[in-house]
Amino acid sequence: PAFSKESGKVLGASDVITYQGKNYYAEEFASPKLPDGSYQVTTDILASTGEVVKTETLPLVIDTTGPAPGTFAPLPYTWGGPVLSGDVWKLGIASGDALTYSSFVLKDFSDTSGISKVVARVYRETGVLHKEYNVLFSEADKKASIQYRTGFFPNSDLDEVFGVEFLVTDKAGNTTTT
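Residues numbered from 1 in each chain as written. Predicted model: local features only at pLDDT ≥ 70, side-chain atom pairs only at ≥ 80, totals over all residues. Heavy atoms only, no water.

A. Broad picture of the sheet that holds strand β11 (residues 137-138). Spatial ordering of the open sheet is given by β5-β8-β12-β11, a layout of 4 strands whose pairing is antiparallel. The open sheet has two free edges, formed respectively by β5 (71-75) and β11, since each of these has just one partner strand. Taken together, the 5 bridges between β5 and strand β8 (residues 103-107) define a ladder with antiparallel strand orientation. Bridging across to β8, T71 finds its partner in K107. (Pairing = 2+ DSSP bridges. Helix = DSSP H or I, 4+ residues; strand = E, 2+ residues; numbered from the N terminus.)

Rendered as structure tokens:
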């Protein structure tokens, strides 16, 4: 969609707009509601005679929806045959190598504006947040993972069920929870 807005007056000293701590001589305007997508905004600075002094084109991305979260699953390295179906996963008994290799993996997440961060949250059975972790991710591979064997879960005598969720946030600030 294309639209145009031209100031009906010559801007002067009283037409100052402050944005992110800087002052600009400008006039605010509202665009029509645009659907999500990529756009270009072109601004023309005019002399008082109406001649174009400077033209600048900048990208604008409208993104109001959360990222596609992809799939979330454990990647266990265990002895004892983990149970990974149903509402409660039983991750098995760890071998010595499991301390290094057992991870939760989130893959195939995506968003049109890009991903800014991935967070993992661990909850106690009571629903109380135990801990929140920033998760390393690769936007190119659409994959994030975090080891869960050492320090991820609270200390427990194995008589409670823990909750885990990933929060994927895009560069526009929208968040999707797995």
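B. Quick look at the packing of aromatic side chains. Taken as a whole and assessed by the stated rule, the structure comprises 10 aromatic pairs. A centroid spacing of 5.6 Å and a plane angle of 50 degrees characterise the contact between F72 and F104, whose relative ring orientation is tilted. Highlighted residues: F72 in strand β5 and F104 in strand β8, separated in sequence by 32 residues. Linked through ring pairs, F72, F104, Y133, Y148, F152, F153, F162 and F166 together constitute an aromatic cluster. (Phe/Tyr/Trp six-rings, centres within 6.5 Å; stacked < 30°, edge-to-face > 60°.)

C. Structural view of the side chain of T176. Note on placement: T176 falls in strand β14 (residues 175-177). Polar side-chain contacts of T176 include one of 2.8 Å to the backbone oxygen of P67. In this view, T176 contacts G66, P67, P69, F166, L167 and V168; residues no more than four positions away in its chain are not counted. (Polar contact = N/O pair within 3.5 Å; in protein donor to acceptor, adjacent residues only side chain to side chain. Contact = heavy atoms within 4.5 Å.)

D. Region of the structure containing the nonpolar core. Residues L106, F109, V118, V135, I146, F152 and F166 are the most contacted members of the largest nonpolar core, which totals 15 residues. Breaking this core down by element, the ones donating at least two residues are β8, β9 (115-123), β10 (129-135), β12 (143-147) and β13 (163-170). Per-element tally for this core: the top contributor is β9, with 4 residues. (Core = buried A, V, L, I, M, F, W, Y, C linked by side-chain atoms within 4.5 Å. Buried < 20%, exposed > 50% of the residue type's maximum accessible area, 1.4 Å probe, protein only.)

E. Seen up close, the pattern of salt bridges. Applying the stated criterion across every chain yields a total of 4 salt bridges. Salt-bridge contacts for E132 lead to R121; the nearest nitrogen and oxygen are separated by 2.6 Å. In this pair, E132 is assigned in strand β10 and R121 in strand β9, connecting sequence segments 11 residues apart. Taking the relative accessible area as the measure of exposure, E132 reaches 41% and is therefore partly exposed. With its nearest N and O atoms 2.4 Å apart, the salt bridge here joins R124 to E160. Here the residue R124 occupies a position in the loop between β9 and β10, and E160 occupies one in the loop between β12 and β13, the gap between them amounting to 36 residues. Since its relative accessible area comes to 28%, R124 is described here as partly exposed. (Salt bridge = Lys/Arg side-chain N within 4 Å of Asp/Glu carboxyl O.)

F. Geometry of the sheet that holds β13. In space, the 4 strands of this open sheet follow the order β10-β9-β13-β14, with antiparallel pairing throughout. The sheet is open, and its two borders are formed by β10 and β14, each paired with just one other strand. Pairs of neighbouring strands in the sheet enclose a mean axial angle of 20 degrees, with direction left out of account. As defined by bridge partners, β13 adjoins β14 across 3 bridges and the pair is classed as antiparallel. Paired with V168 across the strands is T176, a residue of β14. (Axes fitted to C-alpha atoms, helices over the stretch in contact; angles between N-to-C directions.)

Interpretation in functional terms is not warranted from these geometric data alone.
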